[in-house]
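Coordinate analysis (summary)
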Amino acid sequence: MAKSLVVFSLLLLLLPISPLTAHPNTPNPKPSPSPAHTDLTNYGFPIGLLPTAVENYTINRTTGDFIVDLGGTCKVTLPSDYVATYSKKITGKIVVGKIANINGISVRALFRSQPITGIRSSGDNLVFEIGTVSVKYPTKNFEESPACEGRHSS
Ligand SMILES: *[C@@H]1O[C@H](CO)[C@@H](O)[C@H](O)[C@H]1NC(C)=O
Ligand SMILES: *[C@@H]1O[C@H](CO)[C@@H](O)[C@H](O)[C@H]1NC(C)=O
C-alpha cells in the first residue's frame, strides 16, 4: 500500500515533464486553416472562396450539404475589383469540383448585385454562375483567403 503510493507520487511528479517531450516546441508561423477552408481544398477548390472569418461550419458528408457561419455579413473585393458580399450564413451543396445551390453570396456586377448560385472547377479556372451568366476566372486568383472589409449586424 505504502509502496504503491510512493510509485503513484513519482508518476505524478513525472507527468508535467512528459508533455514537453511529447510536443517539442516547434515554430507554428501560420494559423491552421478552419475546417471549412480545409474542406474546400479536399473538394478541389481554393481557400480564397471563403473569407477568413468562419465561425462555424457543418457539412453532411453523405449529401455534401453545408452551412458556413461567418458571424456577420462580410464584404470582400475579389480579383478584377468585383465586390462580393457574403451573408452571415452561407449554404450550398459541395461535391468534388462543384458547389451548387449556393445561397448567401452575391457579387456586384453590371451595376447590380447578383447572386452567385454555383461554382465549378474547370482545369485551371473557376466558373461562377452569376445570375443567368457563367463567368470564368483563374483559380490562382483565389489562393488566399480574404479578410472581411466591412461588417454589419444582420
Ligand atoms: C454550428 O452550426 C450548427 C448547425 O447549423 C449548429 O447546430 C451549432 O449550434 C452551431 N454551433 C455554434 C457554436 O454556433
Ligand atoms: C445527411 O443527409 C441525409 C439525407 O438527407 C440524412 O439522412 C442524414 O441523416 C444526414 N446526416 C447527417 C450527419 O446529418
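These figures come from a predicted structure and were not determined experimentally.

**Some points on unusual backbone geometry**
Backbone geometry places Asn101, a non-glycine residue, at a positive phi of 50°. Examined against the element boundaries, Asn101 turns out to sit in strand β5 (residues 98–109).

**Let's talk about the site of ligand 1**
Taken together, Asn56, Thr58 and Ile67 are the residues near ligand 1. Asn56 places a side-chain nitrogen or oxygen 2.3 Å from an oxygen atom of ligand 1. The fraction of the free accessible surface of ligand 1 (360 Å²) that becomes covered by protein chains is 30%.

**A few points about the pairing of strand β7 (residues 125–130)**
Sheet topology note: the strand β6 (residues 112–122)/β7 ladder contains six bridges and is antiparallel. Within β7, the residue paired with Ile119 across the bridge is Phe128. Taking the residues that link successive antiparallel strands as the turn, the β6-β7 hairpin has two residues, and the phi of Gly123 there is positive, at about 60°. The pairing of β7 with strand β8 (residues 133–138) spans six bridges and is antiparallel. Note on β8: the bridge partner recorded for Asn125 is Pro138.

Each value, and the rule that gives it
- Residues numbered from 1 in each chain as written.
- Chains lettered and ligands numbered in written order.
- Predicted model: local features only at pLDDT ≥ 70, side-chain atom pairs only at ≥ 80, totals over all residues.
- Heavy atoms only, no water.
- Helix = DSSP H or I, 4+ residues; strand = E, 2+ residues; numbered from the N terminus.
- Near = heavy atom within 4 Å.
- Polar contact = N/O pair within 3.5 Å; in protein donor to acceptor, adjacent residues only side chain to side chain.
- Areas by Shrake-Rupley, 256 points an atom, 1.4 Å probe, with all protein chains shown as cover.
- Pairing = 2+ DSSP bridges.

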